[in-house]
Structures are given as C-alpha cells and as structure tokens.
Amino acid sequence: MTGGGGALLVVGDVVTDVVARHRTPLAPATDTAARITTVPGGAGANVACWAARAGVRDVRLLARVGADAADWHRRALEAAGVRPRMVVDEGAPTGTVVALVGPDGERTFLTDSGAVLRLSAADWDEGLLEGVGRLHVSGYLFFAAASRELAGLAMRAARARGVPVSVDPASAGFVARFGVDRFLAAVAGADVLLPNRDEAELLTGLPVPADAAAKLSRQFPLVVATQGAEGVLLARAGAVVGRAGGEAVTVVDSTGAGDAFTGAYLAAVLTGHDVLAAARRGCRAGAEAVTQVGGRPRAPV
C-alpha cells in the first residue's frame, strides 16, 4: 500500500438518464417494445457516487444543472454520500442522456448536454480544494469553451497545490468531433488518464490496446486503460507495467461501467492502495455496475 488520504473533488456532469432496454433490434418507422427507466446519472456524478460507496468519506462534486431537476439530483447525490456543489442554471435544462441498451447490455447514447457544458470559470471556488487529495475531471467538460476553461482552471489550481489530477476522455465520438490533438492539448498536465479501449485507440491511432496504452503513457505519467470485460492495462513511461483481469458477469446495462471503475479506483488510491490493487477494485466495481440498470451504485438496503 502507498500513502493516500484526503477528499476527492470531482468536477463534471450531472444528467438525467433515460435508459431504454430493448430485447429486439430497433424497428424503424414503428414501435419497439422496451423497458424504460429514468435514473440520475452523469459521468462525473457517477464517479463521485462510486467513490463514496468505496469508502471515501469526503467526496465533493462541482457541476451545473437546470432548475427543472436540481432538487431531485441533489437529494440523490446526498443520499449516496456525496457533497454536491451544484450551480443551478435558470437558462438551460438539466442535461439528459437517452441510453438505448440492446439485448447484449451494450448501450448507445443520445446526449443533450443542457446545462452541463455551461459550467464556467465563474462557478469555480478555490475553497473546493481545501483538504482534497485528488481532483478528477470528467472529459465531457472539454467539449465546450466555457466548461473547458473551467476544467483547465481547476486542473491548474490543483497542480499548484500538489494535488494529483485524473481525467477520463468520456466519449470517443465527442473526442473525434472535437479533434484528437485539441483534446490532448486541453488535458495536458493530467497525472492520470483513464481511457477505455475505443478512446485509447482513437487518441493514438493504434488498434492494439497495449500499444495504445503504452503510447499514451509517454504523454501522461500514468495511463489506466479499461478494456471492458477483459480488465485494465496500466502503463507508465512508454510501457505496460501491470494488468488486472475483469470479472465474468451477466451484463444487464453497460451504462456507467467505466464510471464505476474510476470511482472505485480513485477511492482505493486515496485510501492507500497501490495502483494495481486499485485497478482490481475498480474492475470489481465495473463488473457490479453492469449487472444493474443505470450508472450509480445500488442504494443501501
């Protein structure tokens, strides 16, 4: 185990997830039967909830939501053990994601960012970093000018205090539209990059996961590259230095699996585990996440 401690600050997104699970292929121009569930979500919020579930006593979240659902989201976050600092936006609704989940549990997202990307430098407060041991930034914030400025400000403030910074790229589709070089420049200075397989391939142009992780680790001190059911690769200084295997489970909904991994991984590092042990804990959380609907941990019973 290694030294850790302190609070976790997540700067990211809170959205409403509408999860539609369909057992048959989508039928164009007519109906497709589905089971539809509305749950609180958002990559940043999900990470915060899983970190709290994994034992971090002080998890803070900075995000922007619309007035339409602010109270519902605040209650859900507080019930999960997260201290939300939610900026209520009177000019835009809460972000919404429609997750189309097929029979294999794989999801496709339809995303309306709403208030998410209106988070701005004016919403930042240096006091958020008091007592913080790690800062995690959701990659979604880098895809709009205002939220990108805020993300950069938070990263610089954390690094000035010696607080390690992690970033997840969030969306291969959004990164592709934004531009790989622009994205890598925007997240430069992060201590840990947490891409999934598709994101790592896009960011490097390399189809072999180990090669992609190794290449990214020449730009970031540590790369933690998730591989779905196959586990995770850890890379430093141009080489893969560790692997953690995935767990075999029946997939119900893959929404939030990467967020679960990230939250549990960061919690383990903060509570003193080395990165390989932390990755194993992350894999267990990711496996749990895909056995249920939505991207948050199950509520305690």
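Reference entry: report on the structure contained in this document.

The next thing to look at is the layout of surface pockets. Roughly 230 Å³ of volume is contained in the second largest pocket. Lining the second largest pocket are 11 residues; nearest its centre among them are Ala79, Ala80, Pro297, Arg298 and Ala299. Of all the secondary-structure elements, those providing two or more residues to the lining of the second largest pocket are α1 (43-53) and α2 (70-79). Residue composition of the lining of the second largest pocket, by class: eight nonpolar, no polar and three charged.

For the rest of this paragraph, the subject is the sheet that holds strand β3 (residues 35-41). Reading across the sheet, the four strands line up as β3-β2-β6-β7 and stay open at both edges, with mixed pairing between neighbours. Looking at which strands have only one partner, the edges of the open sheet turn out to be β3 and β7 (107-112). Between one strand and the next, the sheet's axes are offset by a mean angle of 20 degrees, whatever the strand orientation. Taken together, the six bridges between strand β6 (residues 95-101) and β7 define a ladder with antiparallel strand orientation. Residue pairing for β7: Thr96 is matched across the bridge by Asp112.

Residue position: Ala190 is located in the loop between α5 (180-186) and β10 (192-193). Accessibility expressed as a relative area gives 3% for Ala190, which makes it buried. Distance in space between the C-alpha atoms of Ala190 and Asp168 is 9.9 Å, their sequence separation being 22 residues. Beyond its immediate chain neighbours, meaning those up to four positions away, Ala190 contacts Met155, Val165, Val167, Phe220 and Pro221.

Let us now look at the sheet that holds strand β12 (residues 232-236). Strand order in the open sheet formed by nine strands is β5-β4-β1-β8-β9-β10-β11-β12-β13, and the pairing between neighbours is mixed. Both outer strands of the open sheet, β5 (82-89) and β13 (239-244), are each paired with one neighbouring strand and no more. Relative to β13, β12 runs antiparallel, the two being bridged by five bridges. Each residue of the ladder has a partner; that of Arg236, found in β13, is Ala239. The strands touched by helix α9 (residues 275-289) are β11 (222-226), β12 and β13; relative to β12, the strand with the most contacts, the crossing angle is about 155 degrees.

Looking now at α1. Most of α1 sits inside the fold, with 10 of its 11 residues counted as buried. Here α1 has its buried residues at Ala43, Gly44, Ala45, Asn46, Val47, Ala48, Cys49, Trp50, Ala51 and Ala52. Downstream of α1 by one or two residues, Gly55 has phi in the positive range, about 120 degrees.

Time to look at the pattern of salt bridges. Applying the stated rule across the entire model yields 13 salt bridges. Where Asp58 meets Arg83, a salt bridge forms, and the shortest distance between an N and an O atom there is 3.0 Å. Remark: Arg83 occurs in strand β5 and Asp58 occurs in the loop between α1 and β4 (59-66); sequence separation between them is 25 residues. One salt-bridge network, in which partners are shared between bridges, spans Arg64, Asp89, Arg118 and Asp123.

Here is what the cut-offs are and how they apply
For every chain, the first residue of the written sequence is number 1, and numbering continues from 1 along that sequence. For this predicted model, a pLDDT threshold of at least 70 governs which residues receive local features, and a threshold of 80 or more governs which side-chain atom pairs are given and counted, while totals over whole chains, interfaces and linings are taken from all residues. Each side-chain value is derived from all of the structure's non-hydrogen atoms; neither hydrogens nor water enter the calculation. Definitions used throughout: a 1 Å grid over protein atoms alone; a cavity as a set of points that fits a 1.4 Å probe which cannot get out; a pocket as an open set with protein on both sides within 12 Å along at least five of seven lines; a lining residue as one with an atom within 4 Å of a point. Grid points are joined across faces, edges and corners, and a volume is the space filled by probe spheres set on the points. Numbering goes from the N terminus for both helices and strands, where a helix is a DSSP run of H or I of at least four residues and a strand is a run of E of at least two. Three categories are distinguished: nonpolar for Ala, Val, Leu, Ile, Met, Phe, Trp, Tyr, Cys and Pro, charged for Asp, Glu, Lys and Arg, and polar for the others, with Gly belonging to the last. Here a strand pair is declared whenever DSSP counts at least two bridges between the two strands. Only the stretch in contact is used when fitting a helix axis, every axis being a line fitted to C-alpha atoms; angles between N-to-C directions are given from 0 to 180 degrees. The buried label applies to any residue whose accessible area, calculated with a 1.4 Å probe on protein chains only, is under 20% of its type's maximum; exposed applies above 50%, and partly exposed to all values in between. For this analysis, residues touch if any pair of their heavy atoms sits within 4.5 Å. Any carboxyl oxygen of Asp or Glu that lies within 4 Å of a side-chain nitrogen of Lys or Arg is treated as forming a salt bridge with it.

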